[in-house]
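# Breakdown of the fold
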Amino acid sequence: MARGLAFLVVTALLASASPWVLRLAVDDLTLTLTRQKLWTYALAIVALVAGEGLFRYGTRMTLIGVSREIEYELREDIFRHLCRLAPAYYHTHRIGDLMSRATNDLAAVRMVLGPGIMYSANTAATFVTALALMAAISPRLLAASLLPLLAVAWLVRRFGRSIHDRSEQVQAQLAHLSALVQENLAGARVVRAYVQEAAEQGHFQTANEEYMHRSRRLIVLVGGLQPMIITMLSLGAVLVLWLGGRMVAAHAITLGGFVAFTVYLGMLHWPTIAIGWVTNIVERGEASMGRCLELLDAPVGIADSSAAPVSEVQGAVEFRGLSFAYAGGPVVLQGIDLSVPAGTSVAVVGPTGSGKSTLVGLLPRLHDPAPASLFIDGHDVRDLPLTTLRRSIGYVPQEAFLFSNTLRANIAFGVLDPPAELGRVEWSAEAAQLAGDVREFPDGYETPIGERGITLSGGQKQRAALARALVRDPRILILDDALAAVDAQTEERILANLKALALGRTTFIVSHRVSAVRWADLIVVLRAGRIVERGRHDELILAGGYYADLHRRQLLEEEMAEA
Amino acid sequence: MSAARPDDDPTGHSYDWALLRRLLVYLRPYRGAVALSFLLIIVLSGLDLTGPYLTKIAIDRHIAHGNLAGLTPLALLFVGVLCVAFVVRFGQAYVLQMTGQRVMRDMRGQIFGHLQRLHVGYFDRNPVGRLVTRATTDVDAINELFTSGLVTVFGDLFSLFGIMAVMLAMNVRLALVTFSVIPFFFAVTIWFRRGARTSFREVRRWLARISAFLQEHLSGMSVVQLFGREESTQADFAAVNRGHADSNLQQIFFYAVFYPAIELLAAIAIALILVYGGGRVFVGALTIGALVAFLQYSERFWRPISDLSEKFNVLQAAMAAAERIFLLLDTRPQIESVSSPRRLPETSAPLLFEDVSFAYDGSYDVLRQVSFSLEPGRTLAFVGATGAGKTTIISLLTRFYDVTRGRITYDGVDLRDLDLAAWRSSLAIVLQDPHLFSGTIASNIRLGSDISDERVRAAAAAVHADSFIRTLPHGYETEVMERGATLSVGQKQLIAFARAMAHDPRILVLDEATSSIDTETEALIQDALRVLRHGRSAIVIAHRLSTIRDADEILVLHKGRIRERGRHEELLAQHGLYWRLYQLQYQDQEHGVAGAAVASAGPV
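Residues numbered from 1 in each chain as written. Chains lettered and ligands numbered in written order. Predicted model: local features only at pLDDT ≥ 70, side-chain atom pairs only at ≥ 80, totals over all residues.

When its secondary structure is counted, chain B shows 22 helices and 12 strands. A compact globule built from 604 residues would reach a C-alpha radius of gyration of about 25 Å, whereas chain B, at 36 Å, exceeds it by more than 25%. The proportion of buried residues among the 604 residues of chain B is 39%. (Helix = DSSP H or I, 4+ residues; strand = E, 2+ residues; numbered from the N terminus. Rg over C-alpha atoms; globule rule 2.2 N^0.38 Å. Buried ≥ 20, exposed ≤ 12 C-beta atoms within 10 Å, placed from the backbone.)

Looking only at helices and strands, chain A features 19 helices and 10 strands. A compact globule built from 563 residues should have a C-alpha radius of gyration of about 24 Å, whereas chain A, at 36 Å, is more than 25% larger. Taken along its principal axes, the extent of the C-alpha atoms in chain A is 120 × 65 × 50 Å. Put simply, chain A has 563 residues, and 47% of those count as buried. Sequence-distant contacts, at least 24 apart, represent 78% of the contacts inside chain A between residues at least 6 apart. (Contact = placed C-beta atoms within 7 Å.)

Residue and element names in this part refer to chain B. Pairing in this open sheet of 6 strands is mixed, and the strands run β6-β9-β10-β3-β11-β12 from one edge to the other. Lying at the two open borders of the sheet, with one neighbouring strand each, are β6 (427-430) and β12 (561-566). Across the sheet, the axes of successive neighbouring strands diverge by a mean angle of 15 degrees, strand direction being ignored. Two elements, strand β3 (residues 379-383) and strand β11 (residues 553-558), share 4 bridges in a ladder whose sense is parallel. Note on β11: the bridge partner recorded for Phe382 is Leu555. (Pairing = 2+ DSSP bridges. Axes fitted to C-alpha atoms, helices over the stretch in contact; angles between N-to-C directions.)

We now examine the sheet that holds strand β2 (residues 331-340) of chain A. All names here are of chain A. In spatial order, the strands read β2-β1-β4-β5; together these 4 strands make up an open sheet with antiparallel pairing. In the strand order of this sheet, the two ends are held by β2 and β5 (379-380), each with one partner. Pairing of strand β1 (residues 317-325) with strand β4 (residues 374-376) involves 3 bridges; the strand directions are antiparallel. Paired with Val317 across the strands is Ile376, a residue of β4.

Let us look at helix α9 (residues 230-282) of chain B. Note on helix geometry: an α-helix contains 3.6 residues per turn, so any two residues three or four positions apart are oriented the same way. Under the 1.5 Å per step criterion, the end-to-end length of α9(B) is 76 Å for 53 residues, consistent within 8% with the ideal 78 Å. One or two positions beyond α9(B), positive phi appears at Gly284(B), with a value near 85 degrees. (Expected span 1.5 Å × (residues − 1).)

Size of an interface: often given as the accessible area lost when the parts come together. Residue-level contacts link 106 residues of chain B with 108 residues of chain A. Top element by residues in the side of chain B that touches chain A is α9(B). It accounts for 29 residues. A breakdown of the residues in the side of chain B that touches chain A according to their chemical character gives 64 nonpolar, 32 polar and 10 charged. (Nonpolar A, V, L, I, M, F, W, Y, C, P; charged D, E, K, R; others polar.)

According to the domain assignment, chain B contains domain 1 (15-171), domain 2 (172-285) and domain 3 (349-426 + 546-604). In this structure, domain 1 of chain B and domain 3 of chain B have C-alpha centres spaced 61 Å apart. (Domains from an automatic or database assignment.)

Split by domain assignment, chain A resolves into domain 1 (1-137 + 278-301), domain 2 (139-252), domain 3 (313-392 + 476-563) and domain 4 (397-473). The straight-line distance from the C-alpha centre of domain 2 of chain A to that of domain 4 of chain A is 53 Å.

A word on the pairing of strand β4 (residues 405-410) of chain B. Residues and elements named next belong to chain B. Note: strand β1 (residues 351-358) against β4, 5 bridges, orientation antiparallel. Pairing of Phe353 across the sheet is with Ile408, part of β4. Pairing geometry for β4 and strand β5 (residues 413-414), over 2 bridges, is antiparallel. When the sheet's bridge partners are listed, Thr409 is paired in β5 with Asp414. The turn joining β4 and β5, which pair antiparallel and follow one another in sequence, is formed by 2 residues; a positive phi near 55 degrees is taken by Asp411.

Residue and element names in this part refer to chain A. With 5 of 5 residues buried, strand β7 (residues 476-480) is to be regarded as a mostly interior element. Burial of β7 is two-sided: the residues Ile476, Ile478 and Asp480 facing one way and the residues Leu477 and Leu479 facing the other way are all buried. Pairing of strand β6 (residues 393-396) with β7, which is carried by 4 bridges, proceeds in the parallel orientation. Bridge pairing in β7 links Val396 to Leu479. Relative to strand β8 (residues 506-510), β7 is paired through 5 bridges, and the arrangement is parallel. Directly across from Leu479, in β8, lies its bridge partner Ile509. Handedness of the crossover joining β7 and β8 through helix α16 (residues 488-502) is recorded here as right-handed. (Right-handed = clockwise from strand over helix to strand, strands pointing away.)

This next bit is on unusual backbone geometry. Even without being glycine, Asp481(A) reaches a positive phi, approximately 50 degrees. Judged by C-beta crowding, with 23 C-beta atoms within 10 Å, Asp481(A) ranks as buried. In this model, Asp411(B) sits at a positive phi of 55 degrees, which is unusual for a non-glycine residue. The exposure class assigned to Asp411(B) is partly exposed, which follows from the 17 C-beta atoms found within 10 Å.

Counting 320 residues, the largest nonpolar core has Phe497(B) and Ala498(B) as the members making the most contacts within it. Among all residues touching Ala498(B), those that are not within four sequence positions of it are Ile445(B), Ala459(B), Ala460(B), Val463(B) and Ala465(B). (Core = buried A, V, L, I, M, F, W, Y, C linked by C-beta atoms within 7 Å.)

Written as structure tokens, this is what we have:
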């Protein structure tokens, strides 16, 4: 940074020197001139400008380069923090907004740190050197020529802000136009059915005209500002021509001094415009920096507390009178008492919104239960080291989220240290009934999936997510409605396998399908956050409650499908 | 033009000229403004040339000889020229930009109008987001062509040649000496444009990667955390972030070299003018004023040269956008009125489906030889499992699609021979998920039709929507937020009913919502339905027991065929498909058990 600024000062000094040479040259033209002198002057100018260019190159590379490095560091910090924030944070913040902070806002901050600083310093250095030399030529001429410059700085500042405001208005209207088209196309059937095409067109045309109207307001400003700047600066030049001309005639200054003066004046044009420009980007940068800091200052939420010295989890789970509500929301779970011995399986069924996912999400501390309400191996789950806890859980979420990477990387995502070998990946895929599909993929396990690769079906995604959990060989396996998109026959095979896999693991299965849960050691029915039925399959069928009803309904559905 | 195309674009369209010609058609209504803008830019280039020349005169005639008498008028003339230039510059920018805006408005209107004529099936295959882009971003790209493209290219060339002409006029030999730097200006500029463009693309690529990475990993952050991958994910991000930073550093290089290089060339021009011109001054072949003017002109070379080289990029982007837009405009609507349509009968008439089969993709039949008739004033109900083809019947009736085989007739006339707008006007459809537009409650009932406030209120009152609408903050003038996110499904349904009622159709077409609705609203909806059906023919895709009970005929669709038909009691007695469906879907409502199975039946 300091080096960059030093470069900049040298640049400004060298830049100010070449018009001085021009001054000497022009003066000599009117007095005594030799061809040799001319060559000397010409070469001096070229040499000075070459030197200036070298330092200007150094300035830009250093100062802008530094700003890019700072941007890099800041973005690293932001992402590191994002990695630590608990899921609750992501529920209350839109991803688009977070992304905009990590990209657009950061870019605005970078503009201040890079071009902002560079042009401010450039303006300062150029003004100091050029003004000093101009004053040396004629203080009176200098005083006269400063007026238009001040006017230009003011114009850029004043108009720059309005232009920014008006262009935001234009952008907002463009967004509105997009929304109109979007809405019209989404409602295409209603539009056609009610013969509203002409009315819709009229509607669109109104917004379309409004867009043009707003653009006109912007065009008037942008179209006006540039000519105003050019005219102002040119007026300055005329003023110098008129006043300076008189001074030359009166022999107060030399013709060379006069020519050099106009060149110096020209040198000040861009730094002057930059004054207004920089103040605007600093203003925007401040607002953006505030948004970035807000993100960096967000409390992490779920982290290790006074961690109990536990390095291994056995898998005995106990809920003791657990109640839970998301921040500021209604109660989702109430008075849950449930004891699950290590190595047994529990199935959770119940209508949508009854709290099933919340219940199992508490285990890996996706959200934190109240103290002393959830225990694993007798320890309050909040006291277990987070890494130990999560390492011992294989979680298959409702929405099978996979990354755009190879299938192998996605399955091996489950273990990091040491990385999973191919054999282990294949074994998990086999267990999740995915191996058959993989043989059909162009590059087997190395096939990229997602946007730049093949698209997996919902069922394939869920099986891949299951494999990803199995590869960890977890003590606690959690399937959160994880097989809903898998067809019945495949599910049947997975379950047959799972019974073997679940042996020795504590298993939680959330499902809507009776066929997926009938084999569990314990089935609990959740309704409105409470456990309303519990028992084995046969017991619950006999009890004739929600579970029995669900069972009967699914038998009918199967019959329908076969009809 | 095609010769100057950057070589990293290998596609090389041979029809650029055809596209350009088609684009120019849009300028025809504004040819006066375009001509004016050309004229102004010529005048402007001329005015811009006068500055250095006036300086020359000032130095030679007045300043160098101490003859101050004429200096003030000359300065005033200069100021006058500047004022005129200001007006012309502003006028030129305004006229040109506004013409661009008008052309964009016309194009947008045309694209939107075309989208209104296209058949519904087109939107099944073309994502809405992409079509929105046609009417917005693509049109903007073309605007660039009009505003900073054609006219300014002309202006740039004109000022470049203008400068050269004036220099030649002042002193041919010195002019030629000065021109020797022009090729270098071009070379440096082209080098810069190429490098900057490539590195700019690289920067954009990396930025897109950062966005994609963030989008993906923020969405899947809980997976990252569950599997303890925070650190390795940070390392992956660092790699993308580094790539972005490096590509930016690469880009800085081009800028860091370009500006000093241009300055150096300008300095060389000055040196040449000094050495050669100075010598001429010494021998009296050149005035000092002319030398100063030369110095000033030589500084003005590089702007038009640099601008020119940028224009080709703009042109490329505009051509690509134009191609996409014209492709859309050239898509012919598949469902239109015949040229001389038959008139709709004055009174209600029977509607007949005759052996209708339909396939969306031309291969798999969703409906197979479906036949039924709807007599005026009667209600038909369709039931069936998800995917049985119920919704397709509505789509054919409204002519969102045309039948693949068989025919649908109204009063004995094939629907395809009726006037499309007149036919659709005689229907009113209520869809499963009632689509609300942004606007007020009243405008959602009225849509764009000419319906008085009284009729809007009367319609709402008839379907029991009036009472809840009145409780809204601004009653009928309440703005509907984000497609009715603040309204319940039941309320949206009632608004859709009011919409149908206000349009007073001959045939009511209703696809009942499957989602569970609170019992109170449910009762209102059922009563509203009775009012709506009164004196009209109705086709109902039923999910509600009470709707089916009093239907004149119930048709059971299964896998595209009508498998059972009859009244409620008759069908129940058969113990067939209807009976099972009834057990599955409708029993809950009778027992008041809102169940997951109803929701899982889902929209078709």
